[in-house]
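Summary of the model geometry
The lines below spell out each chain.
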Amino acid sequence: MDFIVSKFNYWIYIIMMMIGFYAMIAKRNLVKKIIGMNIFQTAIILFYVSIGAKKGATIPILEAAHHAKIPPESIEVAKYINPLPHVLMLTAIVVGVSVTGVALALIILIYRRYHTVEEDEILRQLS
Amino acid sequence: MMQQAPALTIAILLLTAFWVPIFGMVKRESAYYISLTAMFFSFLAACATLYAVVTTGPIHYRMGGWPPPWGIEFVIDYLNAGVLVLISLISLLTTVSAKKSVEREIHRSKWPLFWSLYLLLVMSLMGMTETGDMFNMYVYLEVSSLTAYGLIAMGEKGALMASFNYVILGSVGASFYLLGVGYLYIATGSLNMADLSKILPSIYRSKVIFTAFAFFIVGIGLKMGLFPLHMWLPDAYTHAPSAISTLIAPTMTKVSAYVFFRIILTVFNPHFSWEVIPAATLLRWIAAVGIIYGSIMAIAQKDIKRMLAYSSISQIGYIVLGIALANRMGLIGGALHIFSHAFAKGSLFMVVMAVIYKTGIRNIDDFKGLNRKMPFTMAAFCLAAFSMVGVPPTAGFFSKWYLVLGTVAGKYWWLTAVILASSLLNAVYFFRIIEKIYFSSFVDLVTGGSGGHEHHELPAVAVAEAPLMMLVPILLMAAGILAVGLFNTQIIHHLLQFIVPKGLA
C-alpha cells in the first residue's frame, strides 16, 4: 500500500498512458484516436513534471538581488525544484499541439472526402 | 566559415524554409529554385564538415558556446559525417529530379508550402544525424515526422488514411523515445550523449536503465519501420507523391537506423547492449524474420511502389542484423548497408518517379518492353536491382558480403542461410520485372496495340526518355551505387572502421 501511495504520481501517469494507448489502438473513430493520443502525451508531461518536483521546495529563483554575488556552495539545491524537466516539457507541449493540429487537419480532409470519421467505413470505401 | 559548417548545414535550410512561402506568394515558380539553391549550399557545408572530420578528427560544435553537459552540442564523428553527406547528396539529387513530377502531381497553389516542408524535412534529418543531445534528437525526430505527415497527405487517393495511421504510430514511437529520455534523465541527470555514456556504466544493473533501453528500441524501431513495427510504412510509401516517396525511402529510415547505431553503441556501450541484457539475440530473431517477411511480401505485390516499400522493410532487417551480430564484420556490414541501400532504393524510386511521370505506369505487369522506350532509365533500374540482389561489383554485394562474413565469424549458420535465401527472393522479384522490361515486347497503352504475341515482329517504338532533369540524377545515383561498391574499402577505412568498439574481434 505504501508503495502505491508514496509514488502515486507515477501510478497516475502509467494508468493515464495506458488509457490513452488503448484509445489510440482500439477505438475505430478517428477523433477518439486523437483524444487518446492527447491523453498519452499529457501522461508523459505529468511524468516529466513530477520528476522535477521536490517536497517542500520552491520555484528555482534565487532570493538575493540580481547582481549580488552568491557563492555557489551556499545555494541549497534541495530547496529548489529542478526546472529542467519543466522546460523540456514546454517544447514537448508545442510538439504535441502541432501533432494534434496536423491530425485534426487530416481528419477534416478525410471527412470532406469520405463523409465519415469511422475507420471501418473509410476502409470499406477505399477497397 | 569552415568552423561553422556543421551549423550551416541546418541553418541554411531552416532559414530558407521560412522564406520560401513568402517569395512563393510573389512568384510560385521561385519556390523551387530557392529551395534548390539552399539544398546545394547545405550540401557544400556537409561536404566541408566531412572533409574536416576526415582530416582533423571528430568535431564538437557547441551551440551558443555553452559547454556540453548543459548546452546542446553537435558531435560529428566518422560515422555521422558519412551519413550526413549521404543524406544531403541524395536529397539534393531528389530535389533536382522531382521538379517535373511535383509540378504534375501537386496543385500549383501548394508549391511554395510543399517546398518549404520539403526543406524542413531534410533539415530535421540532418539535425538528427548531427546532434549530440538526446532531447534535441527528440525535437528533430518530431520535426521530421510532422513534415512527413504533411507531405505524405499531399499524395493520391488513400494518402490521407496512410498519413493518419502514420500520425498515430509515429506519435507512439516518438512518445516512447521521449519516455526513454526521461528515464535516463532520472537515473543520470544528463541529456548529453557523451556525458550519458560516461555516467551509465556504473548503474547498468538498474531496472530504470533496462526500461529506458526497451523504450528506445521500440520507439526508434517504429520510426525506422523495423518488423513487426512496420505497419505504417507500405501505405505511406505507396500513396505519397512520387517525389516524397523518393525522398523518404532512402533517407528517413536510414537516419533512424543511424540513430539505432548511435544509441546502442554510444549512449549505451556494447557491453550493456549485448551482454547485460540479451538484446542482440532478440534483435537477431526480429531482423531474420523481418528480412524474410519483407522479401516474401514484396513478391506478392503488383504495385511497384508497394513492392519497393516491402523490400525496404527487408533491407532495414539487414541493417539491424548487422548491429545484432555484435562483431566487427557485422557492424561494418550493417553500416555499409545504410549507404548501399540508400543509393539503391533512391535510384529505384527515382526510376519509378520517371516512369510514372512519362507513362503513368505503376502496375508491374505494364513494364513490358519498357527498355525500348526508356533505355537509360531502365539500365539504371537494372543496376539498382542488381545492387539489391547483391551482384558484384555493386554496393549491395559488398555490404551483404560483410554481413555474411559476420555471421560466419559469429558461427550463426542459420543467419547465413537467411541472408542467402533472402538474396534469392530478391532475385525472384527483381528479375521478374527485368524479364518484363527486356524480354517481352512493348505494349502501347495509348493505342492499345499489342506487340506481345510474337517476338520476331516487334513494333517500332520511339525512344521517349525521361526529361534530362530526371535522367541525370538517376544516372548519378546509379554511378553512386557503383562508387560505393568499388570504393567500399576506402569508405570503411576512412569512416566506418571507427564505429567498431575497442577490443571487439
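Quantities reported herein were computed from a predicted structural model and do not represent experimental measurements.

Thresholds applied
- Residues numbered from 1 in each chain as written.
- Chains lettered and ligands numbered in written order.
- Predicted model: local features only at pLDDT ≥ 70, side-chain atom pairs only at ≥ 80, totals over all residues.
- Helix = DSSP H or I, 4+ residues; strand = E, 2+ residues; numbered from the N terminus.
- Contact = placed C-beta atoms within 7 Å.
- Axes fitted to C-alpha atoms, helices over the stretch in contact; angles between N-to-C directions.
- Parallel < 35°, antiparallel > 145°, perpendicular 65-115°, else oblique.
- Left-handed = near helix turned anticlockwise from the far one by under 90°.
- Nonpolar A, V, L, I, M, F, W, Y, C, P; charged D, E, K, R; others polar.
- Expected span 1.5 Å × (residues − 1).
- pLDDT = per-residue confidence, 0-100.
- Core = buried A, V, L, I, M, F, W, Y, C linked by C-beta atoms within 7 Å.
- Buried ≥ 20, exposed ≤ 12 C-beta atoms within 10 Å, placed from the backbone.
- Pairing = 2+ DSSP bridges.

Residues and elements named next belong to chain B. Relative to the elements of secondary structure, Y258 occurs in helix α10 (residues 242-267). For the pair formed by Y258 and I319, sequence separation is 61 residues and the distance between their alpha carbons is 9.4 Å. Not counting chain neighbours up to four residues away, the residues in contact with Y258 comprise N80, V83, T129 and I338.

What follows is about the packing of helix α8 (residues 207-224) of chain B against α10(B). All names here are of chain B. Running from amino to carboxyl end, α8 crosses α10 at an angle of 160°, the nearest separation of the two axes being 8 Å. Judged by the inter-axis angle, α8 sits roughly antiparallel to α10. Viewed along their axes, α8 and α10 form a crossing whose handedness is left-handed. Only T253, S256, A257, V259, F260 and I263 of α10 make contact with α8, whose side of the interface consists of F216, I220, K223 and M224. The class makeup of the residues in the contact of α8 with α10 is 7 nonpolar, 2 polar and 1 charged.

Counted at 1.5 Å a residue, the expected span for helix α2 (residues 30-56) of chain B with its 27 residues is 39 Å, and the 39 Å between its end C-alpha atoms agrees. Where α2(B) is buried, its residues touch α1 (5-26), β1 (59-62), β2 (73-76), α3 (78-105) and α4 (111-130) of chain B.

In this section: the interface of chain B and chain A. Taken residue by residue, the interface counts 21 residues in chain B and 24 residues in chain A. Of all the secondary structure elements, the ones that give two or more residues to the side of chain B that touches chain A are α5 (134-153) and α6 (159-188) of chain B. Ranked by residue count, the leading element in the side of chain B that touches chain A is α6(B), at 13 residues. The residue inventory of the side of chain B that touches chain A, partitioned by class, reads 14 nonpolar, 6 polar and 1 charged.

Residues and elements named next belong to chain B. On average, chain B scores 87 in pLDDT, and the residues at 70 or more come to 95%. Throughout residues 448-455 the model reports pLDDT below 50, and contacts reaching past four residues in sequence, or to other chains, amount to 13 contacts. Interface confidence for the predicted complex, expressed as ipTM, amounts to 0.92; the pTM equals 0.91.

All names here are of chain B. Between helix α13 (residues 304-324) and helix α14 (residues 328-359), the shortest axis-to-axis distance is 8 Å and the interhelical angle comes to 170°. By the angle class used here, α13 and α14 are roughly antiparallel. Contact residues: α13 offers I304, K305, L308, S312, Q315, Y318, I319, L321, G322 and I323, while α14 offers G330, L331, G333, G334, A335, H337, I338, H341, K345, L348, F349 and V352.

Within the largest apolar cluster, 216 residues are counted, with the highest numbers of intra-cluster contacts made by L119(B), Y138(B), I152(B), Y177(B), V320(B), L321(B) and A384(B). Excluding residues within four positions of it along the chain, L119(B) makes contact with L13(B), T16(B), A17(B), V20(B), S35(B) and A38(B).

Moving on, we come to the confidence of the model for chain A. Averaged over chain A, the pLDDT score is 86; the fraction of residues at 70 or greater is 95%. Of all secondary-structure elements in chain A, the lowest mean pLDDT belongs to helix α1 (residues 2-6) of chain A, at 77, while helix α3 (residues 30-52) of chain A reaches the highest, 92.

Residues and elements named next belong to chain B. By the alternation rule, side chains of β2 split into E73 and V75 and F74 and I76, which are all buried. Relative to β2, β1 runs antiparallel, the two being bridged by 4 bridges. For Y61, the partnering residue across the bridge sits in β2 and is F74.

Another aspect to go through is unusual backbone geometry. Residues and elements named next belong to chain B. Between F227 and the following residue, P228, the backbone shows a cis peptide bond with an omega angle of -5°. Along the chain, P228 falls in the loop between α8 and α9 (233-239). Residue P393 follows P392 across a cis peptide bond; omega there is 5°. Positionally, P393 belongs in the loop between α15 (375-389) and α16 (395-409). Of note in the backbone geometry, A326 takes a positive phi value of approximately 60° without being a glycine. As for its placement among the helices and strands, A326 is situated in the loop between α13 and α14. Despite not being glycine, K411 has its phi angle at roughly 60°, a positive value. In this structure, K411 sits in the loop between α16 and α17 (413-439).

The next point concerns the environment of R205(B). All names here are of chain B. By secondary structure assignment, the location of R205 is in the loop between α7 (193-199) and α8. Judged by the 9 C-beta atoms lying within 10 Å of it, R205 is exposed. Along the chain, R205 and I277 lie 72 residues apart, while their C-alpha atoms are 9.4 Å from each other.

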